[in-house]
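# What the coordinates show
Take a look at the letters that make up each chain.
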Amino acid sequence: MERIVSLCKRRGFVYQSSGIYGGINGCWDFGPMGAELKRNLKHDWWYVNVLQRDDMVGLDASILMHPRVWEASGHVEQFHDMLVDCKECKHRFREDHLEGSVCPDCGGELTDAKAFNSMLKTRMGVSDDSSTETYLRPETCQSIFVDFKEVCSSSRTKVPFGIAQIGKSFRNEINPRNFIFRSREFEQMEIEFFCREEEEDKWFEHWKECIWQWYLDIGLTESKIRWFAHPKESLAHYSKRTEDVEYEFPFGWGELQGLANRGTYDLKQHSEYSSKDMSYVDQQSREKYIPTVIEPSAGVDRTILAVLCDAYEEEELEGGDKRTVMRFVPKLAPIKAGVFPLVKKDGLADIAMGLEKKLRKKFATFYDQGGAIGRRYRRMDEIGTPFCVCVDYETKENDTVTIRERDSMEQVRLKMDELGDYIAIRCSHERD
Ligand code: GAP
């Protein structure tokens with residue numbers, strides 16, 4: 001894990017937030033490579049789950065909501081972790097993360113457990129007495145429930161259908177840990193899929209298949225993912241059934257996403273707390289009912305961590321050389337093509353720069369003329385660039401370039417004007 005964290009910092013994937021002030025626990029910044037990787041991941045999720053389906057619409061709601069939302073959702077009452085303090089070193093732990101009955105840091109005696117609400121409070125408004133206390137949302141899905149009727153009336157959706165949203169969530173985690181796995185500020189990709197109660201199991205199975213396929217499509221190794229079905233007694237207050245996808249991280253198996261049957265809990269709660277009828281009316285039969293909700297809820301940052309861990313490889317090459325390579329599937333790679341002149345002189349740099357400018361209209365590119373060509377390839381391998389294009393003397397004779405593929409390191413010659421499509425097709429989010 002340390003090597004992945006170190007590469008992330010060195011190559012601009014992830015930095016600790018506020019590093020020059022000593023950092024702030026549980027917050028992370030995505031650097032230039034991380035920002036691209038994250039954008040590509042979110043785009044792929046949206047492409048597959050929203051754009052390619054005719055039973056899904058998107059939403060981009062505000063983070064701050066009316067404080068009553070969090071009373072209705074059950075978060076004010078129930079969104080608690082039980083925490084214990086060490087009487088000696090004063091360190092604080094989540095009770096369910098402890099293995100023994102003494103402090104894991106110093107062996108000291110622990111206090112009794114007390115409840116700690118994990119929502120982050122904030123104030124809205126200018127003066128202390130008139131401002132409203134509310135929360136930074138701890139999950140994105142509540143705005144989907146609150147806006148359910150607006151979406152229905154403005155987008156001609158018919159049950160069964162889903163509303164998808166990607167956005168920031170905040171939780172005051174007691175022990176943020178394992179790099180970006182558990183943080184206080186993170187992003188979620190959530191779907192609330194509304195269906196009839198009689199069809200809840202059918203849609204639960206449907207989403208199980210879609211979710212599994214997506215993790216394979218973004219390159220995770222199948223033997224490193226598994227489903228975990230929550231026993232009835234450990235279900236969240238809103239859930240009738242929950243199964244999680246877990247990934248085998250270097251620190252052990254960890255939850256990537258949940259798939260829950262939330263039943264009618266949320267819409268009923270919001271009906272009661274807002275006194276607005278949240279039921280759905282079937283336009284044909286005029287039947288009125290509260291739909292059941294199947295919720296696939298994934299974490300962007302955890303998925304990114306799984307992608308980083310799965311892609312990372314230190315490879316021994318023929319001749320004893322080593323390279324570190326990030327084997328991202330091309331559609332996720334931050335940079336799709338590195339473009340190099342073999343040497344700077346004899347007009348090769350000008351041709352390479354012109355080519356790179358043309359290619360960047362189609363996808364993310366990187367121009368590099370510094371150092372030996374082998375080192376330039378290694379730098380691109382480390383950030384997972386799937387293709388490297390080299391302009392050499394033959395280019396001047398017949399307008400062809402070499403294109404080197406990251407994983408096999410094989411090189412082929414291609415006409416410069418075929419290059420854009422060649423790379424774009426291989427990096428596309430499209431799938432059959
Ligand atoms: N709306 C349901 C919900 O929020 P959850 O299991 O609490 O369910 C869903 O969260 C996903 O959000 C998790 O599977 C995980 O990927 C991500 N997530 C939750 N807490 C997180 C944290 N503190 N840091 C990073 N990701 C987190």
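So, a few notes on the structure that sits alongside this text. (Residues numbered from 1 in each chain as written. Predicted model: local features only at pLDDT ≥ 70, side-chain atom pairs only at ≥ 80, totals over all residues. Heavy atoms only, no water.)

### Some details on the site of the ligand
Around the ligand sit 21 residues in total, of which Glu139, Glu173, Glu190, Glu255 and Leu256 are the nearest. Across the complex, the protein chains shield 91% of the 550 Å² of accessible surface that the ligand would expose by itself. Judged by its atoms lying within 2 Å of the grid points, the ligand is housed in the largest pocket. Mapped onto the shell around the ligand, the elements with two or more residues apiece are strand 10 (185–195), strand 13 (252–263) and strand 16 (292–299). (Near = heavy atom within 4 Å. Areas by Shrake-Rupley, 256 points an atom, 1.4 Å probe, with all protein chains shown as cover. 1 Å grid on protein atoms, 1.4 Å probe; cavity = no way out; pocket = protein on both sides within 12 Å on 5 of 7 lines; lining within 4 Å. Sits in = over half its atoms within 2 Å of the grid points. Helix = DSSP H or I, 4+ residues; strand = E, 2+ residues; numbered from the N terminus.)

### Examining the environment of Thr402
Within the secondary structure layout, Thr402 lies in strand 22 (residues 400–405). When the C-alpha atoms of Thr402 and Leu414 are compared, they prove to be 6.4 Å apart, with 12 residues separating the residues in sequence. Those residues in contact with Thr402 that sit more than four places away from it in its chain are Tyr377, Cys388, Val389, Cys390, Asp392, Gln411, Val412 and Arg413. (Contact = heavy atoms within 4.5 Å.)

### Re the pattern of salt bridges
Applying the stated criterion to the full structure yields 47 salt bridges. As a salt-bridge pair, Glu315 and Arg327 come within 3.4 Å of each other at their nearest N and O atoms. Here Glu315 is found in strand 17 (residues 312–316), whereas its partner Arg327 is found in the loop between strand 18 (322–326) and strand 19 (337–341), with 12 residues between them in sequence. For Arg327, a relative accessible area of 25% corresponds to the partly exposed category. Members of the salt-bridge network, linked through shared partners, are Glu313, Glu315, Asp321, Arg323, Arg327, Arg378, Asp381, Arg404, Arg406 and Asp407. (Salt bridge = Lys/Arg side-chain N within 4 Å of Asp/Glu carboxyl O. Buried < 20%, exposed > 50% of the residue type's maximum accessible area, 1.4 Å probe, protein only.)

### Some remarks on the pairing of strand 23 (residues 411–415)
Pairing geometry for strand 22 and strand 23, over 5 bridges, is antiparallel. Bridge assignment links Ile403 to a residue of strand 23, and that residue is Val412. Connecting strand 22 to the antiparallel partner strand 23 that follows it, the hairpin turn spans 5 residues, and Met409 within it adopts a positive phi of roughly 60 degrees. (Pairing = 2+ DSSP bridges.)

### Focus on the sheet that holds strand 3 (residues 56–59)
Backbone-to-backbone hydrogen bonds join strands into a sheet, with any given pair of strands oriented parallel or antiparallel. With mixed pairing, 7 strands are arranged side by side in an open sheet as 3-9-10-16-13-12-11. Each end of this open sheet is capped by a strand with a single partner; those strands are strand 3 and strand 11 (225–229). Strand-to-strand, the axes of this sheet are offset by a mean angle of 25 degrees, without reference to chain direction. Summarising the sheet, strand 9 (residues 161–170) and strand 10 pair through 10 bridges and their orientation is antiparallel. Looking at the pairing, Gln165 lines up with Glu190 of strand 10. Packing against the sheet, helix 6 (residues 148–155) makes contact with strand 3, strand 9 and strand 10, and its axis sits at approximately 135 degrees to strand 9. Helix-sheet contacts for helix 9 (residues 300–311) involve strand 9, strand 10, strand 12 (241–249), strand 13 and strand 16, and the interaxial angle to strand 12 is about 35 degrees. (Axes fitted to C-alpha atoms, helices over the stretch in contact; angles between N-to-C directions.)

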